[in-house]
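Coordinates in review
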Amino acid sequence: RITDTMITAAATVLAQQVADDELADGMLYPAVERLRQVSRGVAAAVMRQAVIDGVCEALDDAQIEERLGAAIWSPDYPDYVPG
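Below is a short write-up of the structure. (Residues numbered from 1 in each chain as written. Predicted model: local features only at pLDDT ≥ 70, side-chain atom pairs only at ≥ 80, totals over all residues. Heavy atoms only, no water.)

**Looking at the packing of helix α3 (residues 35-53) against helix α4 (residues 61-71)**
- For the pair α3 and α4, interaxial distance at closest approach is 10 Å and the crossing angle is 130°. Taken together, the axes of α3 and α4 are oblique relative to one another. Crossing hand, α3 versus α4: right-handed. Residue-level contacts link R40, A43, A44, M47 and R48 of α3 to D61, I64, E65, R67, L68 and G69 of α4.
- Here the contact of α3 with α4 is composed, by residue class, of five nonpolar, one polar and five charged. (Axes fitted to C-alpha atoms, helices over the stretch in contact; angles between N-to-C directions. Helix = DSSP H or I, 4+ residues; strand = E, 2+ residues; numbered from the N terminus. Parallel < 35°, antiparallel > 145°, perpendicular 65-115°, else oblique. Left-handed = near helix turned anticlockwise from the far one by under 90°. Contact = heavy atoms within 4.5 Å. Nonpolar A, V, L, I, M, F, W, Y, C, P; charged D, E, K, R; others polar.)

In structure tokens, the structure reads:
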């Protein structure tokens, strides 16, 4: 279940992630180069709000960060060695 306050939390954190130099350049969203960092911040804010709204189990900040670390995909590939 997604609540209105979870959407507001996502939008608020996303807006806060736009750096001053990005705003000066007229950007509405953070640079793509920071996508992973920004996405993690938005996800954490939504999870915290879900706890507050009572739509998920109670988690503290350490548990939220642990779950995010386990769930976020990392693009680490082994080197290809032709056989």
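**Things to note about the pattern of salt bridges**
- Tallying each qualifying case throughout the model produces five salt bridges.
- With its nearest N and O atoms 3.2 Å apart, the salt bridge here joins R67 to E57. With R67 in helix α4 and E57 in the loop between α3 and α4, this pair connects stretches of sequence that are 10 residues apart.
- A single salt-bridge network, built from bridges that share partners, covers R40, R48, D61 and E65. (Salt bridge = Lys/Arg side-chain N within 4 Å of Asp/Glu carboxyl O.)

**Topic: the packing of helix α1 (residues 4-16) against α3**
- Their axes nearest at 8 Å, the elements α1 and α3 cross at an angle of 150°. Judged by the angle between their axes, α1 and α3 are roughly antiparallel. Once α1 is placed against α3, the crossing between them reads as right-handed. In this structure, α1 contributes T5, M6, A9, A10, V13 and L14 to the contact, and α3 contributes V38, G41, V42, A45, V46, Q49, A50 and D53.
- Of the residues that constitute the contact of α1 with α3, the class distribution is 10 nonpolar, three polar and one charged.

**Details of the packing of aromatic side chains**
- Applying the stated criterion across every chain, the model contains one aromatic pair.
- Centre to centre, the rings of W73 and Y77 are 6.4 Å apart; their planes meet at 65°, and the pair counts as edge-to-face.
- What makes Y77 exposed here is its relative accessible area of 64%. (Phe/Tyr/Trp six-rings, centres within 6.5 Å; stacked < 30°, edge-to-face > 60°. Buried < 20%, exposed > 50% of the residue type's maximum accessible area, 1.4 Å probe, protein only.)

**So, the side chain of T3**
- Summarising the element assignment, T3 is placed in the segment before α1.
- With a relative accessible area of 10%, T3 lands in the buried category.
- Here D53 takes part through its side chain, which lies 2.5 Å from a polar atom of the side chain of T3.
- Aside from chain neighbours lying at most four places away, what touches T3 is D53 and V55. (Polar contact = N/O pair within 3.5 Å; in protein donor to acceptor, adjacent residues only side chain to side chain.)

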